[in-house]
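The chain contents come next:
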Amino acid sequence: MGTFVFDFAQGSKEQKDLLGGKGANLAEMTRLGLPVPPGFTISTDACRAYLEHGSEPVGLEAEVDAHLWALERRMGRRLGDPKDPLLVSVRSGAKFSMPGMMETVLDVGLNDHSVVGLAEQSGDERFATDSYRRLLQMFGSTVLGVPSDRFEERIEALKADRGVASDAELVTADLGVLVGEFKAIIEDHTGDPFPQAPRDQLRLAIHAVFDSWNTPRAALYRRQERIPEDLGTAVNVQAMVFGNRGEASGSGVCFTRDPATGATGVYGDYLANAQGEDVVAGIRNTVPLADLAGIDRASYDELRLIMSVLEHHYRDMCDLEFTIEDGHLWMLQTRVGKRTPQAAVRIAVDMVDEELIDLDEALSRVTGHQLASLMFPRFEPDRSRRPVTTGMNASPGAAVGRVVLDSETAVEWAERGEEVILVRKETAPDDLPGMVAARGILTARGGKTSHAAVVARGMGRTCVCGAEAITIDLDQRRFRIRGGPEVAEGDVVSIDGGTGEVFLGEVPVGHSDVVRYLEGEHVDDPVAAGVGRLLKHADALRRLGVRANADTPEDAARARRFGAGGVGLCRTEHMFLGERRELVEDLVVARDADEQAAALRKLLPLQRQDFSDILAAMDGLPVTIRLIDPPLHEFLPDLTDLAVRVAIEDERRVDDPHGHELLVAVRRLHEQNPMLGLRGVRLGIVVPGLFAMQARAVAEAAADRIDLGDDPRPELMVPLVASERELRMVRDQLEEVVAAVAVERGVELSIPVGTMIELPRAAVTADRIAENADFFSFGTNDLTQTTWGFSRDDVEAEFFPTYRDRGILPISPFESIDVQGVGELVRLATRLGRDTKPNLHLGVCGEHGGDPESIHFFEEIALDYVSCSPFRVPVARWEAARAVLARR
């Protein structure tokens, strides 16, 4: 039997695995001597044991009793004592912050008798009755499963009857009415009265927190944030302090820097005569933290000092929760605060300048995902544009979409391809599915520390909170803007999370300042400059090269501006689309070798110019050109459409011999499973002269660039190789063509020939294939398809959501590499290939080349480079350096 319970004085911030983030940080603040209400933490070990066996682990109850007795002795009060009761809060606290996703119960220990004692001890009957009402409401919904709407409906009905706008205006007798009604609601729903025994309340609350680890919203949040499922949550039991004891009391949340922009200053929300849950729920609109200076100067000054102490101690921006009880400040929580990507960059760079951290640490604190979001679009500037209303700029970005008024509708519309903006009075944890589905979030209530703001920042969603002019009418499915128009569900709105502005209709979206900066424009933006500074450091740190997937000179030029060290994948099939389809048709319907050769001669100068332009854009850098890969039928008309067209022409007696020839060819090329049919290297072997034409075009383009004084560095890549014999046969053909062009043009041409490793057989025979390859490039898209037996388009549309929801796959293997399966094949092929050729150059050109998590794997197995889309190049450069730091 292990130890499951730890006093706050026993832990430290390094023990998040055991104590959870909240418990570890409460212990750290206690260790620093800050004013923290005493308490104890039930470890994540206890939670995992409870969830595994469905009951408390042996010994937990005795440990909780022992720590509760010690807490009672320290406080001089007993839990639920009818004369002078000790009350406790019971809060969740996982290793990784999951704001609002799990349960909290306050005021545990109150019952019909102790509420009288609390009133007498405090001298405030209203406060005691309000606390009991809160316990009944919170315990009923979170522990006993009573729908929270049943409690909210009674509160709203009573306020309407009394003619008041806020809970704080209800008098003691009103709260007493609610207490009676809430107890009746609980008994009606559960069949049992509200538990009066304080120890029963505590035990049930602890179980409810454990159980909340597996609620659908918590599971969804973990999938969204890629938090492991098996961590469990700790439970923190802490002596209650009360922010709802009158105007000399209150609660707040604050940040040591602006979590939206990263700027220094006073940032946070405060609510007088309120508990902390009132602040984060967004039910009542808060005042800025700076206003506390005029309300309670002593508490404000003490809080500012504590904020400075914690930021310097953690060497990071901190998020704090506090309560003031009758003028006495108490610290209830601190953690490294969630922040927007903009804020992450600015804080990291500023702290380097403040000598709190170094550049390595700064880079490690900003993820590739955050950098990617900084490259998202923003609204084009327009001085004539006027917002219809403005709220708080809770999470930056530009979002345009159709208005939806509940989470279910957001999910439904998003699944059918609509971009939506979720509009709510305030969000609750149950709104998470809709927040994930939405492009942006707009709320009528709440501030920068409300549930909507915190969750949106964590997910990188655009969010505007506290737009008080909005009144939502769910019955009519619309919202009204005070002094402005009505907006119906389905209407398009645009929200600016950077300014808090809301616009009707679709606002044009432009490039972000970071993109403009990286493309060489002058941008007066500290975040963009910070990105540039950290990217420069990343380039000095990283080992992996970064190339781009580029099929046009425009893409190649942009990739180079973004810092690409060459082209890792130039897909030649894209060059056969559009007007050139007719030339491919000529090749397909050719009746003999002469007609085939004639068709290829027409394609040659076009391909040569294509390659020349790309080589020019990447002069002096490698350009890996993949020979044609898809089946030829992809360049031809659809079989059914063509058959119908020919049949109609025959009926109308239209003379179209080409149509008939094309139909015969399309039928001949038709395959049941074309992605595993005549494509890639097989085309080069079966269709005479096709690969030779492409090799000649590349070689002649290189010769042209040499004649112009350039330094072209093309590489030829053969796709879909499964056998060393295939590659040897094609390589001989390609080298013969290149040698012939070199002689014809009187230039020296050295063009490496390699292959894509995108079939399991290629991976397990990579030692043999390497004998005829100058390089490997892992095509992880097809390798994933052929390893899993998945069709990417069908899987992600049809059944992957079910696999994800049931925990079979936490993330799509097409989004982030399957390290255990596909990754093992890549690891094996890397080892086998280098066993044959120690200097074999190895890269990856699938979508995984731009995925931050996958890049860490590619660094681990010592690939030479990754290749990704041009816009992902800065992300890959960034994450390649973070991968080096992670391995130190």
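Our structure's up above, just so we're on the same page.
Each value, and the rule that gives it
Residues numbered from 1 in each chain as written. Predicted model: local features only at pLDDT ≥ 70, side-chain atom pairs only at ≥ 80, totals over all residues. Heavy atoms only, no water. Axes fitted to C-alpha atoms, helices over the stretch in contact; angles between N-to-C directions. Helix = DSSP H or I, 4+ residues; strand = E, 2+ residues; numbered from the N terminus. Parallel < 35°, antiparallel > 145°, perpendicular 65-115°, else oblique. Contact = heavy atoms within 4.5 Å. Core = buried A, V, L, I, M, F, W, Y, C linked by side-chain atoms within 4.5 Å. Buried < 20%, exposed > 50% of the residue type's maximum accessible area, 1.4 Å probe, protein only. Salt bridge = Lys/Arg side-chain N within 4 Å of Asp/Glu carboxyl O. Phe/Tyr/Trp six-rings, centres within 6.5 Å; stacked < 30°, edge-to-face > 60°. Lys NZ or Arg CZ within 6 Å of the ring centre and 35° of its normal.

J.: Quick question: what am I supposed to make of the packing of helix H5 (residues 125–142) against helix H6 (residues 148–162) here?
T.: The description of two packed helices rests on the angle between their axes and on the distance between the axes. It is the contact of H5 with H6, at a shortest axis distance of 8 Å, that shows an interaxial angle of 150 degrees. Accordingly, the angle class assigned to the pair H5 and H6 is roughly antiparallel. Residues Arg133, Leu136, Gln137, Gly140 and Ser141 of H5 form the contact with H6, whose own contacting residues are Ser148, Phe151, Glu152 and Ile155.

J.: I tried to follow the nonpolar core on my own but got confused; where do I start?
T.: Here is a general trend for soluble globular proteins: nonpolar side chains tend to be buried in one another's company. Counting residues in hydrophobic clusters, the biggest one holds 120 residues, and the most contacted among them are Leu690, Leu716, Val718, Leu734 and Phe776. Setting aside its immediate chain neighbours within four residues, Leu716 contacts Ile625, Leu627, Ala695, Val698, Leu734, Val738, Ile751, Pro752, Val753, Gly754 and Phe775. With 54 residues, the next largest nonpolar core counts Ala128, Leu136, Val146 and Phe194 among its residues.

J.: Just to check I follow, could you spell out the pattern of salt bridges for this structure?
T.: Pairing between side chains of opposite charge can happen when the charged atoms of each approach one another. In total, this model carries 68 salt bridges according to the counting rule given. With its nearest N and O atoms 2.4 Å apart, the salt bridge here joins Arg162 to Asp161. Classification of Arg162 as partly exposed rests on a relative accessible area of 37%. The salt bridge involving Arg257 is made with Glu311; its shortest N-O contact spans 2.9 Å. Of the two residues, Arg257 is situated in strand S8 (residues 250–257) and Glu311 in helix H12 (residues 297–314); the sequence distance between them amounts to 54 residues. A single burial state applies to Arg257 and to Glu311, both of which are buried. A single network of salt bridges, built from pairs that share partners, joins Asp316, Arg339, Glu361 and Arg365.

J.: Before we go on, may I ask you to explain the packing of aromatic side chains in this structure?
T.: The geometry of an aromatic ring pair is captured by the separation of the ring centres together with the interplanar angle, meaning the angle of the planes. Counted according to the given criterion, the structure contains ten aromatic pairs. For the ring pair Tyr50 and Phe210, a centre distance of 5.1 Å and an interplane angle of 40 degrees mean the geometry is tilted. Taken as a pair, Tyr50 in helix H2 (residues 44–53) and Phe210 in helix H8 (residues 198–211) lie far apart in primary sequence, 160 residues in all. For the residue pair Tyr50 and Phe210, the accessibility class agrees, reading buried in each case. Taken together through their ring pairs, the aromatic side chains of Tyr132, Phe139 and Phe194 make up a single cluster. The ring of Phe503 carries the charged tip of Arg385 above its face, separated from the ring centre by 5.1 Å.

J.: Explanation requested: the side chain of Ser12 in the structure shown.
T.: Inspection of the secondary structure puts Ser12 in the loop between strand S1 (5–7) and helix H1 (16–31). Sequence-distant contacts of Ser12, that is, excluding residues within four places in its chain, are made with Leu19, Ala24, Ala27, Glu28 and Arg31.

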